[in-house]
Amino acid sequence: MEKIEQVDLSVNLAGLKLKNPVMTASGTCGFGEAYEDFFSPAALGALVVKGVTLQPRKGNPTPRLVETAAGLLNAIGLENPGVETVLAEYLPPLASYNVPVIVNISGNTLEEYGELAARLSTCSVVKGIEVNISCPNVKEGGIAFGSHPATAAKVVRVVKANTDLPVIVKLSPNVTDIVEMALAVEEAGADALSLINTLLGMAIDIKKRQPILANVTGGLSGPAVKPVAVRMVWQVAQRVKIPLIGLGGIVTAADALEFIMAGATAIAVGTGQFVNPRCCVEVIAGLAEYCRANEVKKISELRGVAWNGGK
Amino acid sequence: MWKRVKYHVPDALVVSQRQTGTNIYTLTIACREIATEAKPGQFVHLRCSSGLDPLLRRPFSIYQVERKEGLVSFCYQVVGKGTKLLSRVKEGTFLDVMGPLGHGFETELCGKRVGLIGGGLGIAPLIFLGQELAKNNEVQGFWGGRSKVMMPQLAVTSDFPYFLATEDGSAGHRGLVTELVEQWLQQETPDQLYACGPRPMLAAVAQLARSKEIPLQVSLESVMACGVGACLGCICEKAGADEEKRLKVCQDGPVFWAEEVQWDGEN
């Protein structure tokens, strides 16, 4: 039996060469600094930073979080310092990590998406734009753009017209037909897709007889949503030509492998980091270990391997 | 400048776990990294079970540190699923811990007279603080709670004197701890106050400190997910001109100067 010494974990994500398929999910690691004491962002395939808007946003009132069975409901409301401060203060230090940085953007209008893309493209640290059309926790923009294929496609066209960087579109699972959404944004020029954002949910305090979150509803993440996310990746990956980033409840390398076998090129760890601060690097190590144990030379060979069994 | 040193220790040995009151437990773990670095007011983010439900860690203020032995203790109350599971953790098993996290209390004082005001489990971090401060300062504790059995064990506080108040009169003054503090402040003018406890108690102490112009540091409590400033789940309102900015309890705190915190409508 041939023993594999060196496993190739690298993947090509819409022209971005990632040394491994593990990324952070936007809004779960700040600008890379939050978990620096636990692992270096340099170990990641790519660093996806906190969602950015044109103007600073204060976010929603508290409570913003509530834990549910194997999950977390959040309604942060895109709190961020605004693109100007992000460009001046937050992005430049990331150059030292030597890791591709992807910035997640949200706009209230089509023009805002365009301006955000244009301004962020001037920063050499930024290697990709993730378009958030799926935040369930803000009144304007966000999910309003991600609920209808035609509107989503418009956002993608505007962003594409304002940047030469790869454009990743983060889709909402809160739609009737995820494949229709994916096909619409692919047609509009998206270079990759992130699947899935959080599932709209809520929880009620039975003592106070009122919703727990100040925003009433929030986005559900964590292991509770993983089966839904794997299913959506499975459905979309078989219909689009562009690569997918799979995310939703990944805590272990086994979780990540499910997404890859369902058709994801890369994966992102979000809430999993809150459970285990070294989750990302442990997933990377676990993927290599799986490949060695199963004589897989390149992780990319595993992409979509489960499709055969599903026919 | 605060030195940033945080550790993730997935296998900290549980040295002891004792029930010390009504639903109150004292847990001691062996964790040299945290015991060496911990400052009073900092917290440890701890997984109550190895499963995925409950999913998130729970933040616990540090109650006692034995630096030489590498031991760290917490005092907690069983309030939900996580703490219930934690209370079943046996000596000799292992816990997954992260810490020390957050900004602790300012302790660079010498030759000063200070007052510590703790309510319920909020007494716990002040015991660690008091022990540190008592080395170079004159420390007076004020401990309050609903009942004696609802407070951390106080036998360890022999380093400095304290007054007790309980709402049911089971120990010390019958009533609120803030009543004792108010009386004390009529006779004494301490250089600094420190408080940790329920929000109404903190608001009352903040008002007392403001009226007497005594600097006060408060340790706030919040629901947290990440514990390291990533998720923005635990923010609190900031007072003053810079109020557009919000404070992250986990990273900017949990200890704040009272004037940084927005107390509107609370006192």
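Residues numbered from 1 in each chain as written. Chains lettered and ligands numbered in written order. Predicted model: local features only at pLDDT ≥ 70, side-chain atom pairs only at ≥ 80, totals over all residues. Heavy atoms only, no water.

1. What to know about the overall build of chain A
Broken down by element type, chain A carries 9 helices and 16 strands. In summary, chain A has a C-alpha radius of gyration of 18 Å against a globular reference of 19 Å for 311 residues, a match within 12%. Reported as C-alpha extents along the three principal axes, the dimensions of chain A are approximately 60 × 50 × 40 Å. Relative to its 311 residues, chain A shows a buried fraction of 61%. Contacts spanning at least 24 positions in sequence make up 72% of the contacts within chain A whose residues lie at least 6 apart. As presented, chain A carries roughly 12,000 Å² of accessible surface, and 52% of it is formed by carbon and sulfur atoms. Of the charged side chains in chain A, 27 are positive and 28 negative; the average position of the first set lies 4 Å away from that of the second. (Helix = DSSP H or I, 4+ residues; strand = E, 2+ residues; numbered from the N terminus. Rg over C-alpha atoms; globule rule 2.2 N^0.38 Å. Buried < 20%, exposed > 50% of the residue type's maximum accessible area, 1.4 Å probe, protein only. Contact = heavy atoms within 4.5 Å. Areas by Shrake-Rupley, 256 points an atom, 1.4 Å probe, with all protein chains shown as cover. Lys, Arg positive; Asp, Glu negative; His and termini not counted. Charge placed at Lys NZ, Arg CZ, Asp CG, Glu CD.)

2. What to know about empty space enclosed by the protein
Residues and elements named next belong to chain A. Evaluation of the coordinates by the stated rule reveals 4 cavities of 30 Å³ or more. Considered as a void within the structure, the largest cavity measures approximately 550 Å³ in volume. Taken together, 36 residues form the lining of the largest cavity, with Ser26, Thr28, Asn74, Asn197 and Thr198 sitting closest to its centre. Classifying every residue of the lining of the largest cavity gives 16 nonpolar, 18 polar and 2 charged. (1 Å grid on protein atoms, 1.4 Å probe; cavity = no way out; pocket = protein on both sides within 12 Å on 5 of 7 lines; lining within 4 Å. Points joined across faces, edges and corners; volume = space filled by probe spheres on them. Nonpolar A, V, L, I, M, F, W, Y, C, P; charged D, E, K, R; others polar.)

3. Some points on the confidence of the model for chain B
Chain-level pLDDT for chain B is 92 on average; 95% of the residues reach the 70-or-more range. Two numbers describe this predicted complex: its pTM, 0.93, and its ipTM, 0.91. (pLDDT = per-residue confidence, 0-100.)

4. Brief notes about the layout of surface pockets
The gaps left among the atoms become clear once a water-sized probe is rolled over them. The calculated volume of the second largest pocket comes to roughly 1,200 Å³. Forming the boundary of the second largest pocket are 41 residues, of which Tyr90 of chain A together with Arg246, Lys248, Gln251 and Asp252 of chain B lie nearest the centre. For the lining of the second largest pocket, the secondary-structure elements that each account for two or more residues are helix 1 (83-90) of chain A together with strand 15 (246-248) and strand 16 (255-257) of chain B. Taken together, the residues that form the lining of the second largest pocket break down as 15 nonpolar, 9 polar and 17 charged.

5. Focus on the packing of aromatic side chains
Under the criterion given, the structure shown has 11 aromatic pairs over all chains. Members of the aromatic cluster, each reached through a chain of ring pairs, are Tyr25, Phe60, Phe74 and Tyr76 of chain B. (Phe/Tyr/Trp six-rings, centres within 6.5 Å; stacked < 30°, edge-to-face > 60°.)

6. Here we look at the side chain of asparagine 80 of chain A
Residue and element names in this part refer to chain A. With respect to the secondary-structure elements, asparagine 80 resides in the loop between strand 6 (71-74) and helix 1. On the basis of relative accessible area, asparagine 80 is assigned to the buried category, the value being 5%. Side-chain polar atoms of asparagine 80 contact the side chain of threonine 53, separated by 2.8 Å. In terms of polar contacts, asparagine 80 uses its side chain to reach the backbone amide nitrogen of glycine 82, at 2.8 Å. Non-local contacts of asparagine 80, meaning those with residues more than four positions away in its chain, are made with Gly51, Val52, Thr53, Gln55, Pro56 and Arg57. (Polar contact = N/O pair within 3.5 Å; in protein donor to acceptor, adjacent residues only side chain to side chain.)

7. Examining the pairing of strand 10 (residues 162-166) of chain B
Residue and element names in this part refer to chain B. Pairing of strand 9 (residues 138-145) with strand 10, which is carried by 5 bridges, proceeds in the parallel orientation. Counted as the bridge partner of glycine 141 is tyrosine 162 from strand 10. The sheet contact formed by strand 10 and strand 11 (residues 173-174) spans 2 bridges and is parallel. Note on strand 11: the bridge partner recorded for threonine 166 is arginine 174. (Pairing = 2+ DSSP bridges.)

8. Things to note about the interface of chain B and chain A
Across the contact, 29 residues belong to chain B and 35 residues belong to chain A. Across the chain B/chain A interface, buried area totals approximately 2,600 Å², and carbon plus sulfur atoms make up 59% of it. Between chain B and chain A we count 2 salt bridges in total. With a closest N to O distance of 3.6 Å, lysine 58 of chain A and glutamate 237 of chain B form a salt bridge. Viewed at the interface, chain A and chain B are joined by 9 residue pairs in polar contact (both at pLDDT 80 or more). Put simply, the parts of the chain that give the side of chain B that touches chain A at least two residues each are strand 1 (7-21), strand 7 (94-101) and strand 14 (235-237) of chain B. In the side of chain B that touches chain A, the residues fall into 17 nonpolar, 2 polar and 10 charged. (Buried area = accessible area lost by both parts, 1.4 Å probe. Salt bridge = Lys/Arg side-chain N within 4 Å of Asp/Glu carboxyl O.)

9. Focus on the packing of helix 5 (residues 178-187) of chain A against helix 6 (residues 226-237) of chain A
Angle between the axes and distance between the axes: these two values describe a pair of packed helices. Residue and element names in this part refer to chain A. Contact pair helix 5 / helix 6: the axes reach a minimum separation of 9 Å and the direction vectors enclose 50°. Compared by their axis directions, helix 5 and helix 6 come out oblique. The handedness of the crossing between helix 5 and helix 6 is right-handed. Residues Ile178, Val179 and Ala182 of helix 5 form the contact with helix 6, whose participating residues are Met232, Gln235 and Val236. Class assignment of the residues belonging to the contact of helix 5 with helix 6 gives a composition of 5 nonpolar, 1 polar and no charged. (Axes fitted to C-alpha atoms, helices over the stretch in contact; angles between N-to-C directions. Parallel < 35°, antiparallel > 145°, perpendicular 65-115°, else oblique. Left-handed = near helix turned anticlockwise from the far one by under 90°.)

10. Side note on the pairing of strand 6 (residues 71-77) of chain B
For a regular strand, side-chain orientation follows a simple rule: the groups alternate between the two sheet faces. All names here are of chain B. A large share of strand 6 lies buried, amounting to 6 of its 7 residues. With 7 bridges connecting them, strand 2 (residues 24-30) and strand 6 associate as antiparallel partners. Its bridge partner lying in strand 6, leucine 27 is registered against phenylalanine 74. Adjacent in sequence and paired antiparallel, strand 5 (residues 64-66) and strand 6 are bridged by 4 residues, among which glycine 70 carries a positive phi angle near 70°.

11. Focus: the sheet that holds strand 13 (residues 216-219) of chain B
By definition, the strands of a sheet pair up through backbone hydrogen bonds, in either a parallel or an antiparallel sense. Residues and elements named next belong to chain B. Taken together, 7 strands build an open sheet; the order of strands is 11-10-9-8-12-13-16 and the sheet is mixed. Two strands in the sheet have a free side with no partner beyond their single neighbour: strand 11 and strand 16. Pairing between strand 13 and strand 16: 3 bridges, direction antiparallel. The partner of glutamine 217 across the bridge, within strand 16, is tryptophan 257. Against the sheet, helix 4 (residues 177-187) makes contact with strand 8 (113-119), strand 9, strand 10, strand 11 and strand 12 (192-196), and its axis sits at roughly 150° relative to strand 9, the strand it touches most. Set on the sheet, helix 5 (residues 199-212) makes contact with strand 8, strand 12 and strand 13; between it and strand 12 the angle comes to about 170°.

12. Quick notes on unusual backbone geometry
Here the residue pair aspartate 53 of chain B and proline 54 of chain B is connected by a cis peptide bond, since its omega of 5° sits within 30 degrees of zero. With an omega dihedral of -10°, the bond running from glycine 99 of chain B to proline 100 of chain B counts as a cis peptide bond. One can find proline 100 of chain B in strand 7. If you check the backbone angles, leucine 78 of chain A has positive phi at about 55° while not being a glycine. Mapping leucine 78 of chain A onto the fold places it in the loop between strand 6 and helix 1. Of note, leucine 232 of chain B is a non-glycine position whose phi angle comes to about 60°, a positive value. Take leucine 232 of chain B: it is sitting in the loop between strand 13 and strand 14.

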